[in-house]
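Take a look at the letters that make up each chain.
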Number of protein chains: 2
Amino acid sequence: MPDQAMPTLHDIVSARPHVSRFLTPTPLYHYATLSELLGAQVWVKHENHQPIGAFKVRGGLNLAASLSLAERQTGLFTASTGNHGQSIAFAARAFDLDATIVVPQGANPGKVAAMRGLGAQVIFHGSDFDVAREWAMNMAGERGGHFVGPTDEPLIHGVGTYALEILEALPDVQAIIVPVGAGSGVCGTSIVAKSINPRIEVFGAQSAQAPAMQRSWQAGELLTAPMNTFAEGIATRVPFANTQRIMRRYLDDFLLVNDEAIEEAILLLLQHTHNLAEGAGAVPLAAALKHKERLAGKNVVLVLSGGNLSIERLRQILAKHSSK
Amino acid sequence: MPDQAMPTLHDIVSARPHVSRFLTPTPLYHYATLSELLGAQVWVKHENHQPIGAFKVRGGLNLAASLSLAERQTGLFTASTGNHGQSIAFAARAFDLDATIVVPQGANPGKVAAMRGLGAQVIFHGSDFDVAREWAMNMAGERGGHFVGPTDEPLIHGVGTYALEILEALPDVQAIIVPVGAGSGVCGTSIVAKSINPRIEVFGAQSAQAPAMQRSWQAGELLTAPMNTFAEGIATRVPFANTQRIMRRYLDDFLLVNDEAIEEAILLLLQHTHNLAEGAGAVPLAAALKHKERLAGKNVVLVLSGGNLSIERLRQILAKHSSK
């Protein structure tokens, strides 16, 4: 197979009308107290304010808009730990398509309820995302439907639109930290940032309890790794070739943080911004705190990618970190 | 003193450019699971997504825009339990004015830190809002500054702009439930709703542990009442004449809910919308649950007025309602 072309800024700019037809830009807010904490000027990109509570909705809408008539008729099949499934469900409803979403056993119940609330058919199968994904691919094959992979190009183009909003709202941004699950967000962000101003540093960040994407990026080859993070949005066990090749080209560094630090970052975001972050959404703050010296004095954007934390998890985290 | 003229839809429409110069419209999202819970179609107006985490920022900006040159030079003085103070601090920064804000002892520390982060001078004085307010008025008098009362007309005009956004996003809205503290939000909302479509029902809602505004509205005269609610955004002990007269003209009903029910509504909003609501912001959902039969089958908007709940309070609420 010949090398696929790299997605470009043009792809992301072209996705924008498909996204803005349904979504308004999310806020980018400066927080004085977080800035003090980090010794930098800190803004948060509030993708948790999206209708499904996560950035992925941008990708789903762009993907649905890019389907052929035949693909629209057979409907969409995908697998998800939650937010990607909500994105596809949201897009399917917007475009009046059928959507079938395979989720792993034990998936975040709030996310599952939201998918069903949007009219999608949800099927539980497998112990983790990667098992669910195989199942969804088989279903799509058997029924002649369109399988949506988590790093399909139209998804990367769609989610990249939040980075356009960041650069327009804060042209002087110097560093952007993005959580990495399958990598669509960080790819979209780095394509936009590096194409517009190569001096902007883009950092990926992930849990040390699920480092497959980070290890693959460092090694320059696809490596699986143990997956034990509580943060389902970044719970990747098997790396994705498509996003790895983009990350290798564009990413400045890829940071790991412990789940413990992610939990603390959830509480700091609650305290300082009054926003609920899910694990993935809090990873950038955790990474920034761990690498303060690299950000000192800079204009830093933390991408709060999603807010869909379950109340049970929140209760556990508050109880565990009771001195905070 | 002759009767003051009633604020009109025209006043609120005229405030809009002053508000939209700095703020984008907040989302109005439909929630399938809340709809099921209430037996109605339920939308939430996310004023907690504002830069200060509360609707009041709209009023502060409109007020600052309406000042004379002399008033700009002497700076602003006000009293607040938190969100109004943040609004004045935000507007003062936007217009490069001095702001002095008197807060009662024990004020929400996150709100105080945010006011200071915005550059305002914060002074602690008095046991509750009404004591702090007297002090702030005296300070303004002594120093020749402009005192901003919590129900000044430009504030009502400014906050009313969220109701314009509701009606544009959901022309078929049938009922809107608004928390009542000093009453600026409910007045702005009812002026807009009744002027555009008198059949839209507008309900005020307040804690039964601080019912001064509700009792005054029912009695048709200004009555103080005990104030023991945890929800500082609606902790009014002394009613406001200016908003009472507007509410008497426009409001369909004024509902009371216990603090206990407000706490449960905070948890329901976390669970179903993944948004943190402060006490005031959760009052509409608590009131809707208590009066389900009046809303059955209708298109209902709950105004989530603000999200500035302290993490300590959230921890207490989660511990107290541990079966939820």
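These numbers were taken from a predicted model, which means no experiment stands behind them.

### A short note on the interface of chain A and chain B
By a frequent convention, interface size equals the accessible area lost on bringing the separate parts together.
Inference 1: Across the boundary between the two partners, chain A contributes 25 residues, which contact 25 residues of chain B.
Inference 2: Summed over both partners, the interface of chain A with chain B buries about 2,300 Å², with 62% contributed by carbon and sulfur atoms.
Inference 3: Contact with chain B buries area across many residues of chain A, yet H274, I311 and R315 of chain A alone supply 29% of it, more than any other trio.
Inference 4: Our count for the chain A to chain B interface comes out at zero salt bridges.
Inference 5: Counting every contact that joins chain A to chain B gives nine residue pairs in polar contact (both at pLDDT 80 or more).
Inference 6: The set of elements that each furnish at least two residues to the side of chain A that touches chain B consists of α2 (32–38), α6 (109–117), α13 (259–273) and α16 (311–320) of chain A.
Inference 7: If one sorts the elements of the side of chain A that touches chain B by residue count, α16 of chain A sits on top with five residues.

### Considerations on unusual backbone geometry
Residue and element names in this part refer to chain A.
Inference 1: Of note in this structure, D96 is not a glycine but carries a positive phi near 60°.
Inference 2: Relative to the elements of secondary structure, D96 occurs in the loop between α5 (83–95) and β4 (99–103).
Inference 3: With a relative accessible area of 70%, D96 lands in the exposed category.

### Quick notes on the sheet that holds strand β5 (residues 121–124) of chain A
Residue and element names in this part refer to chain A.
Inference 1: Read across the open sheet, the four strands follow the order β5-β4-β3-β6; overall the sheet is parallel. Every other strand in the sheet has two partners, leaving β5 and β6 (146–148) as the edge strands with one partner each. Going across the sheet, the axis of each strand differs from the next one's by a mean of 25°, ignoring polarity.
Inference 2: Pairing geometry for strand β3 (residues 76–79) and β4, over four bridges, is parallel. When the sheet's bridge partners are listed, A79 is paired in β4 with V102.
Inference 3: Seen against the sheet, helix α7 (residues 129–143) touches β3, β4, β5 and β6 and runs at an angle of roughly 165° to β3.

### Some words on the relation of the copies chain A and chain B
Related by rotation about an axis and a shift along that axis, the two copies of the chain form a pair.
Inference 1: It takes a turn of 180° to lay chain A on chain B, together with a shift of 0.0 Å along the axis; the resulting RMSD is 0.0 Å. As the rotation angle and translation indicate, the two copies are arranged about a two-fold axis.
Inference 2: With an isologous cut-off of 70% or more, the 100% of interface residues of chain A that recur at the interface of chain B puts this contact in the isologous class.

### Focus: the environment of V112 of chain B
Residue and element names in this part refer to chain B.
Inference 1: Among the structural elements, V112 can be located in helix α6 (residues 109–117).
Inference 2: Taking relative accessible area as the criterion, V112 reaches 5% and is therefore assigned buried.
Inference 3: For the pair V112 and S310, spaced 198 residues apart in sequence, the C-alpha to C-alpha distance is 11 Å.
Inference 4: What V112 contacts, discounting residues up to four positions off in sequence, is V103, A107, V122 and F124.

### Some thoughts on the confidence of the model for chain A
Inference 1: For chain A, the mean per-residue pLDDT works out to 95, and 98% of the residues sit at or above 70.
Inference 2: Reported confidence for the predicted complex is 0.93 by ipTM and 0.94 by pTM.

Calculation criteria
Here, residues in each chain are numbered from 1, in the same order as that chain's written sequence. Each chain gets a letter, beginning with A, and each ligand a number, beginning with 1, in the order they are written. This being a predicted model, a pLDDT of at least 70 is required before a residue's local features are given, and a value of 80 or more before pairs of side-chain atoms are given or counted; all residues contribute to the totals for chains, interfaces and linings. Note that water and hydrogens are dropped before the side-chain values are worked out from all heavy atoms of the structure. Contacts are assigned to residue pairs with any non-hydrogen atoms lying within 4.5 Å of each other. By buried area we mean how much accessible surface two parts lose on assembly, using a 1.4 Å probe and totalling the loss over both. A carboxyl oxygen of Asp or Glu within 4 Å of a side-chain nitrogen of Lys or Arg is what we treat as a salt bridge. We call two N or O atoms a polar contact when they sit within 3.5 Å, provided that within protein one can donate a hydrogen and the other can accept it, with sequence-adjacent residues counted only if both atoms are side-chain atoms. Starting at the N terminus, helices and strands are each numbered in turn, a helix being any DSSP run of H or I of at least four residues and a strand any DSSP run of E of at least two. Only protein chains enter the accessibility calculation, which uses a 1.4 Å probe. A residue is then buried if its area is under 20% of the maximum for its type, exposed if over 50%, and partly exposed in between. Paired strands, as defined in this entry, are two strands with at least two bridges between them according to DSSP. Axis definition: a line fit to C-alpha positions, over the contact stretch in the case of helices; interaxial angles, taken between N-to-C directions, run 0 to 180 degrees. The copies were overlaid with a least-squares fit restricted to C-alpha atoms from residues scoring a pLDDT of at least 70 in each copy. On a scale of 0 to 100, pLDDT captures the predictor's confidence in every residue.

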